[in-house]
Amino acid sequence: MPPLQPLSTAETPVHHELSLTRKLVLLFMFCLAQFLDAFNNSALFSAIPVLEVSMGMTESQSTWIMSAFQLTFASFLLISGRISDVYNPKIGFVGGVSGLGIISLCAGFVDDTIPLIILRALTGIASAMTIPSALALLVNVFPEPLEQARAIGIFGGCASIANVLGLMIGAMFVQWASYHWVFWFVTIVAMPAALACAFIIPPEISKTKDNLEPGAAKWKNLDCLGVTILTVALILFIFAVTSGSTDGWASAAVLVPLIISIMMVIGFFYWETRIHVNTAAIPPRTWFYPNFSILFAVALLPLLWWFTVFIIFTTLWQNVLEWSAILSAVHMLPLGVAAFIMSFTGSLSRIFSPKWIILTGMFFCMVATVLLALGGGKPEDYWPYIFPAFSLGSAGVMLTYTHTNIAIFQAAPSSMAGTVGAIFNGALQFGSAIGLAGVSSIETSVEATHGGSHDILVPLGSCLYSVHFSINIL
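A. Quick look at the overall build of the protein. The helix and strand tally for the protein stands at 17 helices and zero strands. Within the protein, contacts between residues at least 6 apart in sequence are counted, and of these 83% link residues at least 24 apart. Of the roughly 18,900 Å² of accessible surface on the protein, 71% is carried by carbon and sulfur atoms.

Rendered as structure tokens:
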């Protein structure tokens, strides 16, 4: 992977002439959508204990408050990406942000468990509409590789900030108002943003080669059968992985959907080889673009590390050590600050090969994981072990995320921006699902063996260290 090179004058699109102010406003809107998607998950961590009490939830039901969003978000990314590439990314983006605001408004009025889980699942679908379309628009707004690298880095950094600020804002709402405001806050931000984007996103950056075709050709290019097969497969896979820690990995409720999902994925890739390359949702040649498959594998790691650490320490500090949600959020700040700083390193890809930047980030993660495994989770371990591990590990995760994202968009043609964004974000979500399933299984095992969660960091650290070491070897 060579360093990025600027576009020649002949390669520069017409919409490159957008003013800097217009570009920055558009970038802010795209980042705001990314912020809301991440906020939707992190803010609820502070509200879950209150929701459990007020709605009388079981442990399994409270798990699905979080998992329902993740399941639909990851599963509907591909169809969202295809819609963005084939139809119009502006419509997908504005529709997704609007849907996010409306569904969150309804969720704020719900006081029953099942309707809330259903609304969380719908929220995941709306969020899935925003990310691929935002990335497709972002690539068109910033076609020059160096500018694009910086924009993608900032876009990713907003998610890390949202994860930490979401925990803190959610804690303040729960402590000083009510959990309903966790949902209404999203509505208050999303609805004006959607209205503004309907006017400020210029039509010329929404045009791609595919969405200029007649309606019948667009529908054919959507590859409805292929997208449906893969979407159902992903739903079954994430359901199985999520349920494994609670129902047991050997139970039929886990094994049956897991096996069916694997068979459907195989069927999807076979189907893609049988149809014309221009109508395939993910043409087989995609995986043979330079380094694309390797970058997809690397994309599994950032959220696996980040969310695993986030979940385990939030649970440990609030449930075991009985810290307040606000105190826990304050101690999480190094994760967000370090990641946000590293999100501005996109320009490094013009000086150094992304390969070495990604490897550096993964090395930081390994060192941080060793520190966490050695330090444990006691309060006196925070400054000597946990604080430096949070800072170093989160910086490494963001380096890996940013430059993998930059490299994967450079590897594929810009006409596939929506689909590539869906593939990349799907890999991130698979990583987080695997990480959360691993944490839950390890936590269950530790509690059964030791009668508590205090020793969970040692096996968890060893597991993550092995994963990162193996990928670095590859």
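B. Spatial organisation of the pattern of salt bridges. This structure, assessed with the given rule, holds one salt bridge. Of the charged contacts in the structure, one is a salt bridge between Glu147 and Lys23, with a shortest N-O distance of 3.4 Å. Highlighted residues: Glu147 in helix α6 (residues 145-176) and Lys23 in helix α1 (residues 20-55), separated in sequence by 124 residues. The class of Glu147 is partly exposed, set by a relative accessible area of 28%.

C. Region of interest: the environment of Ser349. Its place among the elements puts Ser349 in the loop between α13 (325-342) and α14 (354-375). Measuring from C-alpha to C-alpha, the distance between Ser349 and Thr402 comes to 9.9 Å, with 53 residues separating the pair along the chain. Within the structure, the side chain of Ser349 is placed 2.7 Å from the backbone oxygen of Gly346, a separation counted as a polar contact.

D. Spotlight on the packing of aromatic side chains. Tallied over the full model, the rule gives 24 aromatic pairs. A centroid spacing of 5.3 Å and a plane angle of 90° characterise the contact between Trp287 and Phe296, whose relative ring orientation is edge-to-face. One aromatic cluster in this structure is built from Phe313, Trp317, Trp323, Tyr382, Trp383, Phe387 and Phe390. The ring of Trp356 has Lys355 lying over it, and the distance from NZ or CZ to the ring centre is 4.9 Å.

E. Geometry of the environment of Phe363. You can see Phe363 is positioned in helix α14. C-alpha separation for the pair Phe363 and Val397, spaced 34 residues apart in sequence, amounts to 9.6 Å.

F. Layout of helix α15 (residues 382-411). Taking 1.5 Å per residue as the helical rise, α15 with its 30 residues ought to reach 44 Å, and the 41 Å between its terminal C-alpha atoms agrees with that figure. By the criterion of burial, α15 is predominantly enclosed, with 22 of the 30 residues buried.

G. Quick peek at a nonpolar patch on the surface. A contiguous nonpolar patch, built from Val330, Leu333, Val337 and Ile341 and spanning about 310 Å² of accessible area, is present on the exposed surface. Summarising the element assignment, Val330 is placed in helix α13. Val330 sits in the partly exposed class, given a relative accessible area of 39%.

H. Focus on the packing of α6 against α15. Running from N to C, α6 and α15 cross one another at 135°; their axes reach a closest spacing of 9 Å. The angle between α6 and α15 falls in the class oblique. Seen along the crossing, α6 lies across α15 with a hand that is right-handed. When α6 is examined against α15, the residues Pro145, Gln148, Ala149, Ile152, Gly153, Phe155, Gly156, Gly157 and Ser160 are found in contact with a partner set consisting of Met398, Tyr401, Thr402, Asn405, Ile406, Phe409 and Gln410. Taken together, the residues of the contact of α6 with α15 break down into eight nonpolar, eight polar and no charged.

I. Just the confidence of the model for the protein, in detail. In the predicted model, the protein carries a mean pLDDT of 83, and 85% of its residues have values of at least 70. Counted against residues more than four places away or in other chains, residues 8-12, with its pLDDT under 50, gives one contact.

J. Molecular detail of unusual backbone geometry. In this model, Asn291 sits at a positive phi of 70°, which is unusual for a non-glycine residue. By the secondary structure assignment, Asn291 is in the loop between α10 (252-274) and α11 (292-298). Here Asn291 falls in the partly exposed class, since its relative accessible area comes to 33%. One non-glycine residue with positive phi stands out, namely Glu322, at about 60°. Its place among the elements puts Glu322 in the loop between α12 (301-320) and α13.

K. Inspection of the packing of α12 against α15 at higher detail. Remark: α12 packs on α15, axes separated minimally by 9 Å, with the N-to-C direction vectors making an angle of 150°. When the interaxial angle is binned, α12 and α15 end up roughly antiparallel. In terms of crossing hand, the pair formed by α12 and α15 is left-handed. Where α12 abuts α15, its residues Pro302, Trp305, Trp306, Val309, Phe313 and Trp317 lie against Tyr382, Ile386, Ala389, Phe390, Gly393, Ser394, Val397, Thr400 and Tyr401.

L. Representation of α10 within the structure. End to end, α10 covers 33 Å across 23 residues, agreeing with the expected 33 Å (1.5 Å per residue, within 8%). Within α10, the full set of buried residues consists of Val254, Pro257, Ser261, Phe268 and Glu272.

M. Expanded view of the side chain of Ser432. Here Ser432 shows up in helix α16 (residues 417-450). A polar contact of 2.8 Å, which involves the side chain of Ser432, links it to the backbone oxygen of Gln429. Setting aside residues no more than four positions away along its own chain, Ser432 makes contact with Gln70, Leu303, Leu304 and Phe307.

N. How the structure looks around the environment of Ile282. Mapped onto the elements, Ile282 comes out in the loop between α10 and α11. By relative accessible area, which is 4% here, Ile282 ends up buried. Sequence separation between Ile282 and Phe268 is 14 residues; the distance between their C-alpha atoms is 9.5 Å. The residues contacting Ile282, other than those within four sequence positions of it, are Leu78, Leu230, Phe268, Glu272, Trp287, Thr419 and Ile423.

Basis of the calculations
- Residue positions are given per chain, counted from 1 along the sequence in the order it is written.
- In view of the model being predicted, local features appear only for residues whose pLDDT reaches at least 70, and side-chain atom pairs are presented and counted only at 80 or more, with totals across whole chains, interfaces and linings using the full set of residues.
- The basis for every side-chain value is the complete set of heavy atoms in the structure, and neither hydrogens nor water enter the calculation.
- In this text, helices come from DSSP runs of H or I with a minimum length of four residues, and strands from runs of E with a minimum of two, each type numbered from the N-terminal end.
- In what follows, residue pairs with any heavy atoms lying within 4.5 Å of each other are defined as contacts.
- Each accessible area is a Shrake-Rupley result for a 1.4 Å probe, and residues are judged covered by the shown protein chains and nothing else.
- Think of a salt bridge as a Lys or Arg side-chain nitrogen and an Asp or Glu carboxyl oxygen that are within 4 Å of each other.
- Buried residues are those whose accessible area, probed at 1.4 Å on protein chains only, stays under 20% of the maximum for their type, while exposed residues exceed 50% and partly exposed ones sit between those limits.
- Two N or O atoms form a polar contact when they lie within 3.5 Å of each other; inside protein one atom must be a possible hydrogen donor and the other a possible acceptor, and for residues adjacent in sequence the pair counts only when both atoms belong to side chains.
- Working definition: a ring pair exists when centres of Phe, Tyr or Trp rings (six-membered ring for Trp) sit within 6.5 Å. Plane angles under 30 degrees give stacked, over 60 give edge-to-face, the rest tilted.
- Should the NZ of a Lys or the CZ of an Arg lie within 6 Å of a ring centre and within 35 degrees of the ring normal, that charge is described as sitting over the ring.
- Expected span, for any helix, means 1.5 Å times one less than how many residues it has.
- Patch members must show over 30% relative accessible area and no salt bridge, and they are joined within 9 Å when carrying like charges or within 5 Å when they are nonpolar side chains of Val, Leu, Ile, Met, Phe, Trp or Tyr.
- Note on method: axes are straight lines fitted to C-alpha atoms, helices fitted across the in-contact stretch only, with angles between N-to-C directions ranging 0 to 180 degrees.
- For classification purposes, angles smaller than 35 degrees are called roughly parallel, those larger than 145 roughly antiparallel, those between 65 and 115 roughly perpendicular, and all remaining angles oblique.
- Throughout, a crossing is termed right-handed when the near helix is turned clockwise from the far one, and left-handed when it is turned anticlockwise from it by less than a right angle.
- Gly is placed with the polar residues, together with every amino acid not listed as nonpolar (Ala, Val, Leu, Ile, Met, Phe, Trp, Tyr, Cys and Pro) or charged (Asp, Glu, Lys and Arg).
- Per residue, pLDDT measures the predictor's confidence, with a range of 0 to 100.

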